[in-house]
Structure formats: structure tokens, C-alpha cells
Amino acid sequence: METTPQLQLTIDCADPKRMVAFWTEALGYVPEPPPEGHATWRDYWTATGVPEEELTGGAGETPESITDPAGRGPRVWFQQVPEPKTVKNRVHLDLKVGGGRTAPLALRTERITATVDRLTAAGATVLRVMDEPQMDYYGVVLQDPEGNEFCVA
């Protein structure tokens, strides 16, 4: 029997707890609770047979995934890995908050700036601003707390 694929976005990171805190703020998501009947994800994984040697560094003691409370967006899992980020992302997220080209550029700029301010307060870093009024465009490229690039447009 064939099943329909479900999209999960997995982000490799050093500190899942920090990334959960940042991306819940960025996306309006919530930390994913463990399945019913389990106090933590670690309890759940142990109950399903995941060997203890795979559950290192406090894995599963705090939420390592986030979900869209409205059920529209994909689940995001922050997978702890030992190696640091070393190169530019080949895939990145775009947070579309401006309202699209049907909204006046000034309004889009205001919305984007407010989101950038909120996310820099939460730990993001601005890499560059793409302010091109002659092209009716405004956007900002940022990095999350672990250096992953994303855009706010």
C-alpha cells in the first residue's frame, strides 16, 4: 500500500533547545509535545525501542521539534549533530510577511522591518538588506542563532 508523503523540515544543529525557542518565535509554531502517555520524547523513544546509546546529550528531554498550531505548515525537527555548520545553505526558508506585491511597498517595508526587529531581538543576525524601490522590492537576509540563512520578504 502506497502512502502520501508528508513534509518534515529537518535542520541540523548543535543546540535543539535554542533553535526550538528561536523558530517558535519566528514561525508562530509551538514546541511539539511528546505522544500521549509519555512524559518526554525520550520516554517515547525508549518505549519504541530506540537504543540508549542513540539518545545522547539529553536527547528528548526537551522538545526538539515544532509544529504549526493551525496544522498548515510542516513539522520542523532540530536534529542535534556533532559537526558545526561550515558552508552556506543550499536551501533556505523565506518568511513572507510583507503581503506580496499587491500591498504598497511602504507597507511591506514596515511589516518586514517589524518582523526583522522581533527576530533580531530573539537572536537572529541581519546579513543584508535588499532595498530596491526602483524594482518595487524590499527584503532582508538574516541568520538564525546557528548561522542558517533565511529571508524575510
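None of these values were measured; they are calculated from a predicted model. (Residues numbered from 1 in each chain as written. Predicted model: local features only at pLDDT ≥ 70, side-chain atom pairs only at ≥ 80, totals over all residues. Heavy atoms only, no water.)

A word on the overall build of the chain
The criterion, for reference: Counting from the N terminus, the helices are DSSP H or I runs at least four residues long and the strands are E runs at least two residues long. The rule is simple: take the accessible area with a 1.4 Å probe, protein chains only, and divide by the maximum for that residue type; under 20% is buried, over 50% is exposed, in between is partly exposed. We call two residues in contact when some of their heavy atoms are within 4.5 Å. Per-residue and other accessible areas were derived by the Shrake-Rupley procedure at a 1.4 Å probe size, with only the shown protein chains allowed to occlude residues. Only four residue types enter the tally: Lys and Arg on the positive side, Asp and Glu on the negative side; His and the chain ends are excluded. Working definition for charges: the position is that of NZ of Lys, CZ of Arg, CG of Asp or CD of Glu.
When helices and strands are counted, the chain shows three helices and eight strands. Listing each helix as α and each strand as β along the chain from the N terminus yields β-α-β-α-β-β-β-α-β-β-β. Expressed as a percentage of its 153 residues, the buried residues of the chain come to 34%. Here the contacts in the chain between residues at least 6 apart in sequence split such that 57% fall between residues at least 24 apart. Surface summary for the chain: the accessible area is close to 9500 Å², and the carbon and sulfur share equals 54%. Here the chain carries 14 positive and 23 negative side-chain charges, and the mean point of each set is 9 Å from the other.

Focus on the packing of aromatic side chains
Operational definition: Put simply, two rings from Phe, Tyr or Trp (the six-membered ring, in Trp's case) pair if the centres are within 6.5 Å, and we call them stacked under 30 degrees between planes, edge-to-face over 60, tilted for the rest.
Counted according to the given criterion, the structure contains five aromatic pairs. For the ring pair F22 and W23, a centre distance of 5.1 Å and an interplane angle of 90° mean the geometry is edge-to-face. On the basis of relative accessibility, which here comes to 2%, the residue F22 falls in the buried class. Aromatic side chains W41 and Y44 sit 5.7 Å apart centroid to centroid with 85° between the ring planes, which places their arrangement in the edge-to-face category. In this pair, W41 and Y44 are both assigned in helix 2 (residues 41-47), three residues apart and thus about one turn of the helix distant. The class of W41 is buried, set by a relative accessible area of 10%. Taken together, the aromatic side chains of F22, W23 and F150 make up a single cluster linked through ring pairs.

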